[in-house]
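If you want the building blocks of each chain, they are given just below.
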Amino acid sequence: MQIHIEGSRLPGRSCGPGGDFAGHENIHVGVQRKDQPGELLGPHPGDAASASWTLDCTATVVAASASTDGAGGVEISGPYVQDRLGGRFVYLSWGTVDENGLFSMFRRAKLMFADIGADVLEAAAHSGHLTARLPLSDGKGQPLCARVRPPVVEWSAAAPD
């Protein structure tokens, strides 16, 4: 299965005074590799018109009797899927890039699979596509951070546009 993340409305390359991220310059966003905060897939500059990533994953349909919590459903794994207490998710990492190309993370957004409807996850396991569409800036124009839940992120089992 492929997870497609389509981001719009990026915040820009710098955060002005007064915001939570004041003073950050040359801001970029990328998908963090599992357990590797410094390793990013497809970093995009914060002033890009849009940002998108495609993650190759494995989707396994698990029967309720075989799952650890008895709920069953679809389990997603892959090199960019985090697996922590509370579930599986993808991190979008925000950071600055210095003159040597070194990325220094200052914040992350978390896209939790537990926030996806069971019907969407099951359809995605069958279609081979799970797509997330979301703005990458918050209501103040700052980088979107913390747990991102519907309706801010829209999940579907459709292939990307």
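For the structure, check the block above.
Now for a look at the structure at hand. Just so you know, these numbers come straight off a predicted model, no measurement behind them.

### Topic: the packing of aromatic side chains
Stage number 1. Enumeration according to the criterion identifies two aromatic pairs in this entry.
Stage number 2. With 4.8 Å between their ring centres and 75° between their planes, F89 and Y91 make a pair best called edge-to-face.
Stage number 3. For Y91, a relative accessible area of 11% puts it in the buried group.
Stage number 4. Measuring from centroid to centroid gives 6.3 Å for F113 and W155, while their planes differ by 70°, and the two rings are edge-to-face. Taken together, the residues span a long stretch of sequence, with F113 in the loop between β9 (103-112) and α1 (118-127) and W155 in strand β12 (residues 154-156) at a distance of 42 residues.
Stage number 5. The class for F113 is buried, based on a relative accessible area of 7%.
Stage number 6. Among the residues examined, W155 registers a relative accessible area of 11% and is labelled buried.
Stage number 7. The positively charged end of R108 is found above the aromatic ring belonging to Y91, 3.8 Å away from the centroid.
Stage number 8. In this structure, K110 packs its charged tip against the face of F89, placed 4.4 Å from the ring centre.

### Section: α1
Stage number 1. By the burial criterion, the buried members of α1 are V120, L121 and A124. Around the axis of α1, the buried residues are gathered within 100° of arc, so they sit on the same side. Exposed and facing more than 90 degrees away from the buried side of α1 are A118, D119 and H126.
Stage number 2. Following α1 by one or two positions, G128 has its phi on the positive side, about 85°.

### A closer look at the side chain of D115
Stage number 1. Summarising the element assignment, D115 is placed in the loop between β9 and α1.
Stage number 2. By relative accessible area, D115 is classed as buried at 17%.
Stage number 3. Leaving out residues up to four positions away in the same chain, D115 has contacts with R147, V148, R149 and P150.

### Observations regarding unusual backbone geometry
Stage number 1. The amide bond that connects P150 to the next residue, P151, takes the cis arrangement and shows omega of 10°.
Stage number 2. If you trace the backbone, P151 turns up in the loop between β11 (146-147) and β12.

### Focus on the pairing of strand β4 (residues 51-56)
Stage number 1. Side-chain alternation along β4 places A51, W53 and L55 on a buried face and S52, T54 and D56 on a face that remains uncovered.
Stage number 2. Across six bridges, strand β1 (residues 2-8) lies against β4 in antiparallel orientation. Bridged to I3 within β4 is L55.

### Focus on the environment of S50
Stage number 1. Its location among the elements puts S50 in the loop between β3 (36-45) and β4.
Stage number 2. Counting along the chain gives 96 residues from S50 to A146, while the straight-line C-alpha distance between them is 20 Å.
Stage number 3. Setting aside residues no more than four positions away along its own chain, S50 makes contact with G7, L10 and H44.

Criteria and thresholds
Residues numbered from 1 in each chain as written. Predicted model: local features only at pLDDT ≥ 70, side-chain atom pairs only at ≥ 80, totals over all residues. Heavy atoms only, no water. Phe/Tyr/Trp six-rings, centres within 6.5 Å; stacked < 30°, edge-to-face > 60°. Buried < 20%, exposed > 50% of the residue type's maximum accessible area, 1.4 Å probe, protein only. Helix = DSSP H or I, 4+ residues; strand = E, 2+ residues; numbered from the N terminus. Lys NZ or Arg CZ within 6 Å of the ring centre and 35° of its normal. Arc of directions from axis to C-beta. Contact = heavy atoms within 4.5 Å. Pairing = 2+ DSSP bridges.

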